[in-house]
Amino acid sequence: MDVKDYMLQRFLKYVTFDTESCDEASVVPTTEGQFVFARYLEQELKEMGLCDVVLDEKGYLYATLPANCSKELPVVGFIAHLDTSPDMSGKNVTPRVIEKYAGGDILLNAKENIVLRTEDFPEVEEYKGHDLIVTDGNTLLGADDKAGVAEIVSAIAYLQAHPEIEHGKIRIAFNPDEEIGRGAHNFNVPLFGCDWAYTVDGSCEGELEFENFNAGSASFSIQGRNVHPGYAKGKMLNALRVATAIVEAVPAAESPECTSGYEGFYHLMSINGGVDHAEVSYIIRDHDREIFEKRMAFMRKVEALMNEKYGTGVVTLELKEQYRNMREQVEPKMHIIELAKSAMVKAGVVPQIKPIRGGTDGAQLSFMGLPCPNLFAGGINFHSRYEFVSVQVMEKAVMTIVNIASGVKDI
């Protein structure tokens, strides 16, 4: 089996499916395109001869590669998501393979002069000599996470083609709506039936993540008083001015554009409204649980400060906790991290353990009883017209999955 060609052909097919998720929708999955892709994969998995292929009414697809050894082993799972981000169009994706990238700027679209410039994205030059898959600059590529889907399917096919590689029962799953934070909401953990799993949804080669942000949101609602501006003295309360006061009260140095690594932040997402009523929304992130809770409490202090300044009840705050750091669930089972590290090394990959500066389905799944760290899938510049992926890195991701599957017996 030529794993590189097998994987490449699948990925190039998968990215042609329009699977943007939609945060405003209340149905599951939030877009029909995700179901279309799931049905395609369902048929593909059945044709491969996998067992227990189940596509439920919410677009969650599960399947099994049976064990091929007599020893009873833990059941390991691999998960990727069907949707692409609504931040950039995923319709009519036209992928192009640049063989043996020689370095320098990449012209994505001559007609519209869309260029992936090394000045803006210097990391692309790290991939000299690789075969890179890019877009025509009008859409994202969809390596997040169709690279993960292609890698999982290819790894399963590789194991089928090499029965001499002993492994236990392997479960795979593909879920919708990860990009809008709902991917794990309807995931059937008991049906999946794994001792642990890995999402294949990371970026650079070697990424291995089992820490993510604790996450919350803060929504300020501001009730002003609107009167004719010609007669407003002593009467008007401009809700937009209160909104700017809220923004000024939140430390600008603790925003995403000023932080990295383990540093948390307050991220201003939107300011909407007018003189009579306005709304200000933030997301709040921190890896440290105690600091995260202090950040949430700080927003209450801002609310109190605004009401003290502008009048009781002018500002109301809704705080929500969104997800938690999976580290506390994974740490008691660090053998699953050691297994992944060994599998990477065997595939010629240097493990890079780093925190996720964001969220992942794995975080929610870990708190649902399924420890679920995240593996690299290879894509770069996610959610962007400048997204690309290395075929060689994808191939290493496939072999990492294969090595995890075969390494379970040695734990």
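K.L.:
Would you mind going over the overall build of the protein with me for this structure?
P.N.:
Looking only at helices and strands, the protein has 10 helices and 18 strands in total. The C-alpha radius of gyration computed for the protein amounts to 24 Å, which stays within 12% of the reference 22 Å derived for 411 residues, consistent with globular compactness. Seen through its C-alpha atoms, the protein measures out along the principal axes to roughly 85 × 50 × 40 Å. When the 411 residues of the protein are sorted by exposure, 54% land in the buried category. The contacts in the protein between residues at least 6 apart in sequence include a share of 78% that link residues at least 24 apart. When the accessible surface of the protein is summed, it comes to about 17800 Å², and 49% of that surface belongs to carbon and sulfur atoms.

K.L.:
Explanation requested: helix α5 (residues 239–249) in the structure shown.
P.N.:
Along an α-helix, a turn takes 3.6 residues, which lines up residues three or four apart on a common side. Where α5 is concerned, the buried positions are Ala239, Val242, Ala243, Ala245 and Ile246. The arc that holds every buried residue of α5, seen down its axis, measures 160 degrees, which confines them to one face. Relative to its buried face, α5 has exposed residues pointing more than 90 degrees away, namely Arg241 and Glu248. Buried residues in α5 make contact with β11 (214–223), β12 (265–273), β13 (277–286), α6 (289–310) and β14 (315–323).

K.L.:
Even after reading the chapter, I still don't get the pairing of strand β2 (residues 61–65), so can you show me in this structure?
P.N.:
Working note: regular strand, side chains alternate between the two faces of the sheet. Of all five residues in β2, five are buried, a share of seventy percent or more. What you see with β2 is no split at all: Leu61, Ala63 and Leu65 on one side and Tyr62 and Thr64 on the other are buried throughout. The pairing of strand β1 (residues 51–55) with β2 spans three bridges and is antiparallel. Counterpart to Leu55 in the pairing with β2 is Leu61. Remark: five residues form the turn of the hairpin made by β1 and β2, two consecutive strands paired antiparallel; Gly59 in that turn has positive phi of roughly 90 degrees.

K.L.:
For this particular structure, what's the right way to read the sheet that holds β11?
P.N.:
Note: strands within a sheet are paired through backbone hydrogen bonds, in either parallel or antiparallel orientation. Spatially, the four strands line up as an open sheet ordered β12-β13-β11-β14, and their pairing is antiparallel. This sheet does not close on itself; its edge strands, each paired only once, are β12 and β14. For this sheet, the mean angle separating the axes of adjacent strands, direction not counted, is 15 degrees. Here β11 runs beside β13; their pairing, made up of 10 bridges, is antiparallel. If you follow Ala218 over to β13, its bridge partner there is Tyr282. Contacts from α5 reach β11, β12, β13 and β14 within the one sheet, and its direction differs from that of β13 by about 15 degrees. α6 rests against β11, β12, β13 and β14 of the sheet, and its axis sits at about 165 degrees to β14.

K.L.:
Where do I start with the state of the cysteines in this structure?
P.N.:
Disulfides are covalent bonds that link the sulfur atoms of two cysteine residues. Counted according to the given criterion, the structure contains zero disulfides. Considering cysteine sulfurs only, Cys194 is the nearest to Cys51, which forms no disulfide, with 14 Å between them. Cys51 gets classed as partly exposed once you look at its relative accessible area, which sits at 32%.

K.L.:
Where do I start with the packing of aromatic side chains in this structure?
P.N.:
Between two aromatic rings, the relevant description is the distance of the centres plus the angle of the planes. Scanning the entire structure with this criterion turns up 13 aromatic pairs. Ring plane angle 50 degrees and centroid distance 5.1 Å describe the contact between Phe17 and Tyr40, whose orientation is recorded as tilted. Of this pair, Phe17 sits in the loop between α1 (3–14) and α2 (32–47) while Tyr40 sits in helix α2, placing them 23 residues apart in sequence. Under the relative-accessibility criterion, Phe17 is labelled buried at 13%. Residue classification places Tyr40 among the partly exposed residues on the basis of a relative accessible area of 31%. Measuring from centroid to centroid gives 5.6 Å for Tyr266 and Phe298, while their planes differ by 50 degrees, and the two rings are tilted. Residue Tyr266 is found in strand β12, and its partner Phe298 is found in helix α6; the two are separated by 32 residues along the sequence. Take Tyr266: its relative accessible area is 7%, and that puts it in the buried class. In textbook terms, an aromatic cluster arises when at least three aromatic residues are bridged by ring pairs, as seen for Tyr14, Phe17, Phe37 and Tyr40. The positively charged end of Arg10 is found above the aromatic ring belonging to Tyr6, 3.6 Å away from the centroid. We note Lys146 situated over the ring of Phe37; from NZ or CZ to the ring centre the distance is 5.4 Å.

K.L.:
Would you mind showing me how to read the sheet that holds strand β15 (residues 352–353) here?
P.N.:
Strand order across the open sheet formed by eight strands is β1-β2-β8-β3-β9-β16-β10-β15, with mixed pairing between neighbours. Every interior strand has two partners, whereas the edge strands, β1 and β15, have only one. Here strand β10 (residues 207–209) runs beside strand β16 (residues 374–376); their pairing, made up of two bridges, is antiparallel. Bridged to Leu208 within β16 is Leu375.

K.L.:
What exactly am I supposed to notice about the layout of surface pockets here?
P.N.:
Its boundaries defined by the atoms lining it, the largest pocket holds a volume of some 1600 Å³. Around the largest pocket, the lining comprises 44 residues; the ones closest to its centre are Glu179, Arg285, Tyr323, Gly358 and Gly359. Broken down by secondary-structure element, the contributors of at least two residues to the lining of the largest pocket are β9 (196–202), β10, β11, β12, β13, β14 and α9 (361–367). Residue composition of the lining of the largest pocket, by class: 12 nonpolar, 17 polar and 15 charged.

Definitions and limits used
- Residues numbered from 1 in each chain as written.
- Predicted model: local features only at pLDDT ≥ 70, side-chain atom pairs only at ≥ 80, totals over all residues.
- Heavy atoms only, no water.
- Helix = DSSP H or I, 4+ residues; strand = E, 2+ residues; numbered from the N terminus.
- Rg over C-alpha atoms; globule rule 2.2 N^0.38 Å.
- Buried < 20%, exposed > 50% of the residue type's maximum accessible area, 1.4 Å probe, protein only.
- Contact = heavy atoms within 4.5 Å.
- Areas by Shrake-Rupley, 256 points an atom, 1.4 Å probe, with all protein chains shown as cover.
- Arc of directions from axis to C-beta.
- Pairing = 2+ DSSP bridges.
- Axes fitted to C-alpha atoms, helices over the stretch in contact; angles between N-to-C directions.
- Disulfide = S-S within 2.5 Å.
- Phe/Tyr/Trp six-rings, centres within 6.5 Å; stacked < 30°, edge-to-face > 60°.
- Lys NZ or Arg CZ within 6 Å of the ring centre and 35° of its normal.
- 1 Å grid on protein atoms, 1.4 Å probe; cavity = no way out; pocket = protein on both sides within 12 Å on 5 of 7 lines; lining within 4 Å.
- Points joined across faces, edges and corners; volume = space filled by probe spheres on them.
- Nonpolar A, V, L, I, M, F, W, Y, C, P; charged D, E, K, R; others polar.

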